Amino acid sequence: MKNKGNFRYQLLVLILIPLGFFLYNDALRAPFVYDDRVYILQNEAIRSLSGFTDISGTRYLGFLSFALNYALSGFSPFDFHLVNILIHIANSALVFFLVASMASTPLMSGVDEGAQAREKVMAVAAVVSVLFLSHPLMTQSVTYVTQRFTSMATMFYLLAVLFYARARELAWRREKGGIIGLKAFWLLSLVFTIMAMKTKEISFTIPFAVLIFDLVFYRGHGDSRSALMRAPYYLTLLVIPLSIILPEYYASDPGSVKEVLRTLQVQEAASLPRDIYTFTQFNVIVTYIKLFLFPAGLAIDYGYPHSKSFFEPATVASFLFLASLFAFSVYLSSRALRRSGVYCRLFAFGVLWFFNALLVESFLVPIQDVIFDHRAYLPAVGFFIATASAVLYALELIGKKADLRLSSWASAALVLLLVCPPLFASTLSRNEVWTDEERLINGAIEKSPGKARLYYALAVLHLDKNDFEQVLTDATGALRLDPNLTDAFHVRGVALQRLGRNEEALLDFSRAIALSPDEGKRYYNRAVAYEASGDLSKAVDDYTKALIVEPGLVDAYNNRGVALSRLGEMDRAIEDIRTACSKGHEAGCENLARLEKRRQTP
């Protein structure tokens, strides 16, 4: 009978694979979009594996995965999306196994008859894994390639907690010969903890997740042993802070992989005051809950109103709702409830996981953007555990009152039959939108017409399509909403320069440089405009500034060399172009051969 039950569970996990590919089939033909340009297409660091010997940075493994993707197939969107989908399917399976592991804990196996308790847990695990796989709110973490940081960190996070759960079970049972397995699972859990922390900062909360697991499912059973097992996890809390702080003191040259990764990370830091960010997050978390229950109006980017004071009615209401939910979960986790205790404890664990998973991005670190769909990915594990437990408990009560013998598996099947069709349809529809970047961005603009960055994103998209007149319209629209949007000045300047309107382009490039003087590409493009206008001296000056800010900008060596040759400074010109050629610049090598031939000609 046990083998039959295990086969049923294994079959369910295997079903997740074709279901995942069915739901995300359209994602395989989606292009790189939005920030994919910065983190992937324009990121020179991922084009070579040689720079990844330095493991500093909190997103090292995420960027390494991009570099491996590039090494295997270049910038093939299909391959990048395929990896993301496989990670998501794996996460759905890990969610199942994590919930299933709770059936073997003392405070779960003791609240009902053993077999009945296990069936309830497995039924919840089945519902949760399918919900996690198929919910449309998850699409941004899967179909948006850059958000592999989130899904990959979640994978390591789940593995860390799952292996800890297994080690904790062996420690509690103290089975003969189990000490070897206990140590192996425990060490693997610590390894995955560090791997998660080297993928994304949300993994900072893993030590608290294992603490929650112990408090909900093992409280009063080997507490001293569990405290010793958890102690090393608290030491890992230093990994992320040190990964951020140390590169500042031991920074290598600006073009190194370490500095590129750290710069991209720092760009996400907020200028938003902590109090305003925190007040706003009370409303944001309630919004996530609404999107879990009614996933309508999803967008790649939101224009979300800030809460200026805690005493705004919406903020107070959100806070009271969340505080009540948290307090209720603490109450349930502290009570040894016998009747339907399986569902009660699962609900408590789910709510506590939900809040713990939100801790970094919603409270500890203020970020310039207050809301994104992908931030709900890790918390979704807890939300779905709590929701599935509550619904199955309600069906059990209804069945008893109606004198129906409704098994937990029958209840799970009923829930999935009711919720899966609309979820599947919504996820398929959302993934179809991701295949068209212009439609994706315009959809976000419809929901947030005051978001300047969305118009800038359209400008970048149209620049890629060489639709320069539309770029001017989009960038001007962005600047109308945000006159200090540096990137909009820059992209409009590029469009003006391509249209031959160099004087106007120079004005926009100069405005961009005044607002953001530490980006080499700004000086480079202004130099190109100066060169096109015939002002070679100013062009050389700007190419030099570009190389001071960004020494890895190989085009600047070549272009400065060409400008110097036109000014008659052949020695300096050849030196620059030789540098460009040595760095693999094909046009530089051609220019070098031409200049050396010209110098040798009498």
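The structure we're discussing is the one just above.
Note that the coordinates shown come from a computational prediction; the quantities given were computed from them, not determined experimentally.

**Q** Please clarify how the overall build of the chain should be interpreted in this entry.
**A** Regarding its fold elements, the chain presents 28 helices and zero strands. Rg of the C-alpha trace for the chain: 28 Å, near the compact-globule value of 25 Å for 602 residues, within the 12% margin. When its C-alpha atoms are laid out on the principal axes, the chain stretches across 100 × 50 × 45 Å. Counting all 602 residues of the chain, 56% fall into the buried class.

**Q** Explain the packing of helix 16 (residues 341-364) against helix 17 (residues 377-401) here, please?
**A** Between two packed helices, both the angle of their axes relative to each other and the distance between the axes serve to describe the pair. At their nearest, the axes of helix 16 and helix 17 sit 7 Å apart, and the two run at 160 degrees to each other. One way to sum up the angle between helix 16 and helix 17 is to call them roughly antiparallel. In this structure, helix 16 meets helix 17 at a crossing whose hand is left-handed. Touching Tyr343, Leu346, Phe347, Phe349, Gly350, Val351, Trp353, Phe354, Ala357 and Leu358 of helix 16 are Leu378, Pro379, Val381, Gly382, Phe383, Ile385, Ala386, Ser389, Ala390, Leu392, Tyr393 and Glu396, all from helix 17.

**Q** Looking at this model, I keep getting lost on the nonpolar core. Mind explaining?
**A** As a rule of thumb, soluble globular proteins bury nonpolar side chains together. Among the nonpolar cores identified, the biggest contains 152 residues, and Phe96, Phe217, Phe292, Ile300, Leu346, Phe349 and Trp353 are the most heavily contacted of them. When residues of this core are assigned to their parent elements, the largest contribution, 17 residues, is made by helix 8 (residues 148-173). Dropping the residues within four chain positions of it, Ile300 is found in contact with Val33, Tyr34, Gln140, Tyr144, Phe372, Arg430, Trp434, Leu440, Ala444 and Leu454. Leu472, Val494, Leu496 and Ala546 belong to the second-largest nonpolar core, a separate cluster that totals 29 residues.

**Q** How should I be thinking about unusual backbone geometry in this particular structure?
**A** One can expect most non-glycine residues to show negative phi and most peptide bonds to be in trans. At Tyr34, a position not held by glycine, the phi torsion is positive, near 50 degrees. Along the chain, the position of Tyr34 falls in the loop between helix 1 (2-23) and helix 2 (36-41).

**Q** Quick question: what am I supposed to make of the packing of aromatic side chains here?
**A** The geometry of an aromatic ring pair comes down to the distance between the two centres and the angle between the two planes. Under the definition given, this model contains 39 aromatic pairs. Measuring from centroid to centroid gives 6.0 Å for Phe282 and Phe363, while their planes differ by 50 degrees, and the two rings are tilted. One end of the pair, Phe282, is in helix 14 (residues 274-293); the other, Phe363, is in helix 16, with 81 residues separating them in the sequence. Residue classification places Phe282 among the buried residues on the basis of a relative accessible area of 11%.

**Q** Even after reading the chapter, I still don't get the environment of Tyr157, so can you show me in this structure?
**A** Along the chain, the position of Tyr157 falls in helix 8. Residue class for Tyr157 comes out buried when judged on its relative accessible area of 1%. Expressed as a C-alpha distance, the spacing of Tyr157 and Asp482, which sit 325 residues apart in the sequence, is 38 Å. Beyond its immediate stretch of four places on either side in the chain, Tyr157 contacts Ala196, Ile202, Ser203, Thr205, Ile206, Ala209, Trp353, Asn356 and Leu378.

**Q** How should the side chain of His374 be read in this particular structure?
**A** Tracing the backbone shows His374 in the loop between helix 16 and helix 17. The class of His374 is buried, set by a relative accessible area of 6%. Excluding residues that lie within four positions of it along the chain, His374 makes contacts with Gln140, Ser141, Gln147, Thr150 and Lys200.

**Q** Honestly, helix 16 in this entry has me stumped. Any pointers?
**A** Note on helix geometry: an α-helix contains 3.6 residues per turn, so any two residues three or four positions apart are oriented the same way. The end-to-end C-alpha distance of helix 16, which contains 24 residues, comes to 33 Å, matching closely the 34 Å that a straight helix rising 1.5 Å per residue would cover. Along its length, helix 16 shows its largest kink, about 55 degrees, at Leu358. Burial analysis of helix 16 places 21 of its 24 residues in the buried class, which makes it a mostly covered element.

**Q** Just checking my understanding: could you explain helix 25 (residues 536-549) for this structure?
**A** End to end, helix 25 covers 20 Å across 14 residues, agreeing with the expected 20 Å (1.5 Å per residue, within 8%). Within the sequence span of helix 25, burial applies to Leu536, Ala539, Val540, Asp542, Tyr543, Ala546 and Leu547. Taken end-on, helix 25 shows its buried residues confined to a sector of 165 degrees, consistent with a single buried face. Against the buried residues of helix 25 lie helix 24 (520-532), helix 26 (554-566) and helix 27 (570-582).

**Q** Is there a simple way to explain the side chain of Asp301 in this structure?
**A** Relative to the elements of secondary structure, Asp301 occurs in the loop between helix 14 and helix 15 (313-334). A polar side-chain atom of Asp301 sits 2.7 Å from a polar atom in the side chain of Arg453. Excluding residues within four positions of it along the chain, Asp301 makes contact with Tyr34, Phe372, Ala444, Ser448, Lys451, Arg453 and Leu454.

**Q** Explain the packing of helix 15 against helix 16 to me, please; I cannot follow it from the model alone.
**A** Remark: helix 15 packs on helix 16, axes separated minimally by 8 Å, with the N-to-C direction vectors making an angle of 135 degrees. Compared by their axis directions, helix 15 and helix 16 come out oblique. Considering how the two elements wind past one another, helix 15 and helix 16 form a crossing that is left-handed. Across the interface between the two elements, Leu322, Leu325, Phe326, Phe328, Ser329, Val330, Leu332 and Ser333 of helix 15 pack against Cys344, Arg345, Phe347, Ala348, Val351, Leu352 and Phe355 of helix 16. Its residues assigned to classes, the contact of helix 15 with helix 16 comprises 12 nonpolar, two polar and one charged.

**Q** Can you help me understand the pattern of salt bridges in this one?
**A** Note that side chains of opposite charge can pair when their charged atoms are close. This model, assessed by the stated rule, comprises 26 salt bridges. The residue Asp214 makes a salt bridge to Arg168 at a minimum N-O spacing of 3.1 Å. In this pair, Asp214 sits in helix 10 (residues 206-217) while Arg168 sits in helix 8, placing the two residues 46 residues apart along the sequence. Arg168 carries the same exposure label as Asp214, and that label is buried. Between Asp542 and Arg526 there is a salt bridge; the shortest N-O distance is 2.6 Å. You can see Asp542 sitting in helix 25 and its partner Arg526 sitting in helix 24, a full 16 residues away along the chain. Arg526 shares its class with Asp542; the two are buried. Put simply, Asp301, Asp369, Lys451 and Arg453 are held in one network by salt bridges that share partners.

**Q** Is there a simple way to explain the environment of Val13 in this structure?
**A** For Val13, the location among the structural elements is in helix 1. Here the alpha-carbon distance between Val13 and Phe319, two residues 306 residues apart in the chain, equals 37 Å. Once you skip the residues sitting within four places of it in the chain, Val13 turns out to touch Ala93, Phe96 and Phe97.

**Q** Would you take a moment to explain the environment of Pro136 for this structure?
**A** Within the secondary structure, Pro136 is located in the loop between helix 6 (114-134) and helix 7 (139-143). A residue is classified by how much of its surface remains accessible, and Pro136, at 0% relative accessible area, is buried. Taking the C-alpha atoms as reference points, Pro136 and Phe424, separated by 288 residues in sequence, lie 7.9 Å from one another. Aside from chain neighbours lying at most four places away, what touches Pro136 is Pro295, Leu298, Leu423, Ser426 and Thr427.

Here is what the cut-offs are and how they apply
Residues numbered from 1 in each chain as written. Predicted model: local features only at pLDDT ≥ 70, side-chain atom pairs only at ≥ 80, totals over all residues. Heavy atoms only, no water. Helix = DSSP H or I, 4+ residues; strand = E, 2+ residues; numbered from the N terminus. Rg over C-alpha atoms; globule rule 2.2 N^0.38 Å. Buried < 20%, exposed > 50% of the residue type's maximum accessible area, 1.4 Å probe, protein only. Axes fitted to C-alpha atoms, helices over the stretch in contact; angles between N-to-C directions. Parallel < 35°, antiparallel > 145°, perpendicular 65-115°, else oblique. Left-handed = near helix turned anticlockwise from the far one by under 90°. Contact = heavy atoms within 4.5 Å. Core = buried A, V, L, I, M, F, W, Y, C linked by side-chain atoms within 4.5 Å. Phe/Tyr/Trp six-rings, centres within 6.5 Å; stacked < 30°, edge-to-face > 60°. Expected span 1.5 Å × (residues − 1). Bend = angle between axes of the 7 residues up to and from the residue. Arc of directions from axis to C-beta. Polar contact = N/O pair within 3.5 Å; in protein donor to acceptor, adjacent residues only side chain to side chain. Nonpolar A, V, L, I, M, F, W, Y, C, P; charged D, E, K, R; others polar. Salt bridge = Lys/Arg side-chain N within 4 Å of Asp/Glu carboxyl O.

All we've got here are geometric facts, nothing functional implied.
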